Amino acid sequence: MAPSTLNAPVPGLPYFGPQHGISPGTPVKPNGSNIPTLFTPLKIRSKTLRNRFIVAPMCHYSAAHEGPQIGALAPYHVATLGHYALKGAALVFIEASGVQPNGRITPNCPGIWSDDQIPGIKAVVDICHAQGALCGIQLAHAGRKSSTCATWVSARHGKTSVRAGADVGGWPEDVVGPSGGEAFTWDGKGSAHPEGGFWAPRELSVGEVEVLVEDWAEAARRSVEAGVDVIEIHGAHGYLIHQFLSPITNRRTDAYGGSFEGRTRVLVEIVKAIRAVIPEDMPLFLRLSSTEWLEETDIAKKHGSWDVESTIEITKVLSPLGVDLLDVSSGGNHPQQRINMFKSKDYQTKIASRIRQELRAAGSQMLIGAVGLITEAEQARGIVETSLKDEAEAAKSMTEAKGSAEPMADAVLIARQLMREPEWVLRVAWQLGVDVAWPSQFDRVRFPRL
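Residues numbered from 1 in each chain as written. Predicted model: local features only at pLDDT ≥ 70, side-chain atom pairs only at ≥ 80, totals over all residues. Heavy atoms only, no water.

Caption draft 1: Expanded view of the overall build of the protein. In terms of helices and strands, the protein carries 13 helices and 12 strands. Expected size for 450 residues packed as a compact globule is a radius of gyration near 22 Å; at 22 Å, the protein falls within 12% of this value. Overall, the C-alpha framework of the protein stretches about 65 × 55 × 45 Å when taken along its three principal axes. The buried share among the 450 residues of the protein stands at 59%. Within the protein, counting contacts between residues at least 6 apart in sequence, those at least 24 apart form 74% of the total. Carbon and sulfur atoms make up 53% of the accessible area of the protein, which totals about 18400 Å². A gap of 5 Å separates the mean positions of the 45 positive and 49 negative side-chain charges of the protein. (Helix = DSSP H or I, 4+ residues; strand = E, 2+ residues; numbered from the N terminus. Rg over C-alpha atoms; globule rule 2.2 N^0.38 Å. Buried < 20%, exposed > 50% of the residue type's maximum accessible area, 1.4 Å probe, protein only. Contact = heavy atoms within 4.5 Å. Areas by Shrake-Rupley, 256 points an atom, 1.4 Å probe, with all protein chains shown as cover. Lys, Arg positive; Asp, Glu negative; His and termini not counted. Charge placed at Lys NZ, Arg CZ, Asp CG, Glu CD.)

Given below as structure tokens:
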């Protein structure tokens, strides 16, 4: 038996890390009264989230664009993502990682197309596990929105998007989509327009689509090898899967286009391919844009669009195929969208609630994650406690059942607010009067009782 004076290490780490007496972000008395659902565990297959706070995948544009470390996660990612785990989040997602080199949004986005990228992922997994959190990874392909520059590079040029040429690691000749040509450039300005920020895609062949599905499965295999706990498929925000789903960006006439079944075929095949190579007890998430916010626009009247009804229909197909949680977002596929996904107020959470109700009515137990929870508050607030109270109560209400009514969501995904305040989970607990454990190293600076 180890002596009581031993500062016990976390077992299995390649370095020393002290083991927390109680996992940060969990109630000190888990069986206490009046603990909100937000701070109760959530079991998904073999994995248990210590609370309902999930760190959403966030782009950091901080991976090498060339050389032996191309696309690999770096110490920056360990420090940043590890800190969210340290401060109480239950599940920390590694950002959108390209399943192919041309699937990155920018040359500085991470990838998972090579075994050489596994060690960087494992380093993030290790730091998350050392803090009692789970680690997930979002597998992605940017499609026609790829080969652009990091946001701060674009900002230096006074633009929201700047094309990345081959001279900075881009791939202008290999930007792809379900349909191709200058008319399918994301901003509609073509590749040569001086004010344009995107390259024109070329249309993927059927053979290339089949290889793409295989590469998604290979990326999942690498994720498992790196020790990742949860995989999320990125099918939202106008990236490649979303481009296939939408009749606005998918004008194909083969098996991967046309009807709802044709346009969703690639997603169904990717889900099946990933499920075939990951452990049966490993959770699989999916992020979708539940609506493109294009209803009533001229382009939608002409071609149709991807909407909430489409999302409900595909989730009923994917639930029995092994998708465990739907991460409900919106927008991003066309510049004519009526609502910016980052300024959607509570629309996304209301959509998430509706989808959850429809799924339960259909007998599906697929879980729902709500994003965009505090968008309005973060735009308006200084760092003041009145706003924090509103945020805390909003998060609590999302996962709490009211009488006989179902909760709106099963978990909340937080992004920008955590970038501003990595200890936000602990702040919410403090505001709600929930006595949760702090990291051992930070216990002496915990917030005073309200």
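Okay, back to it.
Caption draft 2: Broad picture of the side chain of Arg-252. Its location among the elements puts Arg-252 in the loop between α5 (240-245) and α6 (260-277). Accessibility expressed as a relative area gives 5% for Arg-252, which makes it buried. A polar atom in the side chain of Arg-252 sits 2.7 Å from the side chain of Asp-254. Residues contacting Arg-252, with those up to four places away along its chain left out, are Pro-178, Ser-179, Glu-203, Leu-204, Ser-205, Val-206, Val-209, Phe-244, Gly-257 and Gly-258. (Polar contact = N/O pair within 3.5 Å; in protein donor to acceptor, adjacent residues only side chain to side chain.)

Caption draft 3: Spatial organisation of the environment of Gly-17. In this fold, Gly-17 is placed in the segment before β1 (42-44). Placed 154 residues apart in sequence, Gly-17 and Trp-171 show a C-alpha to C-alpha distance of 41 Å. In this structure Gly-17 touches Ala-8, Pro-9 and Val-10, once residues within four positions along its chain are discounted.

Caption draft 4: Region of the structure containing the nonpolar core. Of all hydrophobic cores here, the largest spans 91 residues; its most connected members are Phe-39, Leu-139, Ile-233 and Leu-267. When residues of this core are assigned to their parent elements, the largest contribution, 8 residues, is made by α6. The contacts of Phe-39, once residues within four sequence positions are left out, are Gly-25, Pro-27, Arg-50, Asn-51, Phe-53, Val-425, Val-428, Ala-429, Leu-432, Val-434 and Val-436. Among the nonpolar cores identified, the runner-up in size contains 16 residues, and Ala-56, Leu-91, Ala-411 and Leu-413 belong to it. (Core = buried A, V, L, I, M, F, W, Y, C linked by side-chain atoms within 4.5 Å.)

Caption draft 5: Expanded view of the pattern of salt bridges. Overall, the coordinates contain 22 salt bridges when judged by the stated rule. In this structure, Asp-327 and Arg-287 form a salt bridge, with 2.7 Å as the shortest nitrogen-oxygen distance. Taken together, the residues span a long stretch of sequence, with Asp-327 in strand β10 (residues 325-329) and Arg-287 in strand β9 (residues 284-289) at a distance of 40 residues. Residue Asp-327 shares its accessibility class with Arg-287, and that shared class is buried. A salt bridge links Arg-360 to Asp-410; its shortest N-O distance comes to 3.7 Å. Here Arg-360, found in helix α9 (residues 347-361), pairs with Asp-410, found in the loop between α11 (385-399) and β12 (411-414); they are 50 residues apart in sequence, far enough to count as distant. (Salt bridge = Lys/Arg side-chain N within 4 Å of Asp/Glu carboxyl O.)

Caption draft 6: Molecular detail of the state of the cysteines. The final tally for this structure, using the stated rule, is 0 disulfides. You can see Cys-59 has no disulfide; the closest cysteine sulfur is in Cys-109, sitting 5.0 Å from it. Its relative accessible area of 28% is what places Cys-59 among the partly exposed residues. In this structure Cys-135 is a free cysteine whose sulfur lies 4.2 Å from that of Cys-128, the closest cysteine sulfur available. On the basis of relative accessible area, Cys-135 is assigned to the buried category, the value being 0%. (Disulfide = S-S within 2.5 Å.)

Caption draft 7: Geometry of the sheet that holds strand β5 (residues 134-140). In spatial order, the strands read β3-β4-β5-β8-β9-β10-β11-β12; together these 8 strands close into a barrel with parallel pairing. Ignoring strand direction, the axes of neighbouring strands in this sheet form an average angle of 30 degrees. Contacts from α6 reach β5, β8 (230-235) and β9 within the one sheet, and its direction differs from that of β9 by about 165 degrees. (Pairing = 2+ DSSP bridges. Axes fitted to C-alpha atoms, helices over the stretch in contact; angles between N-to-C directions.)

Caption draft 8: Molecular detail of the packing of α6 against helix α8 (residues 308-318). At a minimum axis separation of 11 Å, α6 and α8 run at an interaxial angle of 45 degrees. Accordingly, the angle class assigned to the pair α6 and α8 is oblique. You can see that α6 and α8 cross each other, and the crossing is right-handed. The segment α6 lies against α8, with Phe-260, Thr-264, Leu-267, Val-268 and Val-271 engaging Ser-310, Glu-313, Ile-314, Val-317 and Leu-318. Looking at the contact of α6 with α8, its residues break down into 7 nonpolar, 2 polar and 1 charged. (Parallel < 35°, antiparallel > 145°, perpendicular 65-115°, else oblique. Left-handed = near helix turned anticlockwise from the far one by under 90°. Nonpolar A, V, L, I, M, F, W, Y, C, P; charged D, E, K, R; others polar.)

Caption draft 9: The environment of Asp-126, seen in detail. The residue Asp-126 is located in helix α2 (residues 118-130) in this model. A relative accessible area of 11% places Asp-126 in the buried class. C-alpha of Asp-126 to C-alpha of Val-228: the two residues are 102 residues apart in sequence and 9.3 Å apart in space. Not counting chain neighbours up to four residues away, the residues in contact with Asp-126 comprise Leu-13, Pro-14 and Tyr-15.

Caption draft 10: Molecular detail of the confidence of the model for the protein. Summing up the model confidence of the protein, the mean pLDDT is 92 and the portion of residues at 70 or higher is 95%. Overall, residues 375-386 carries pLDDT values under 50, and its contacts beyond four positions in sequence, including any with other chains, amount to 18 contacts. (pLDDT = per-residue confidence, 0-100.)

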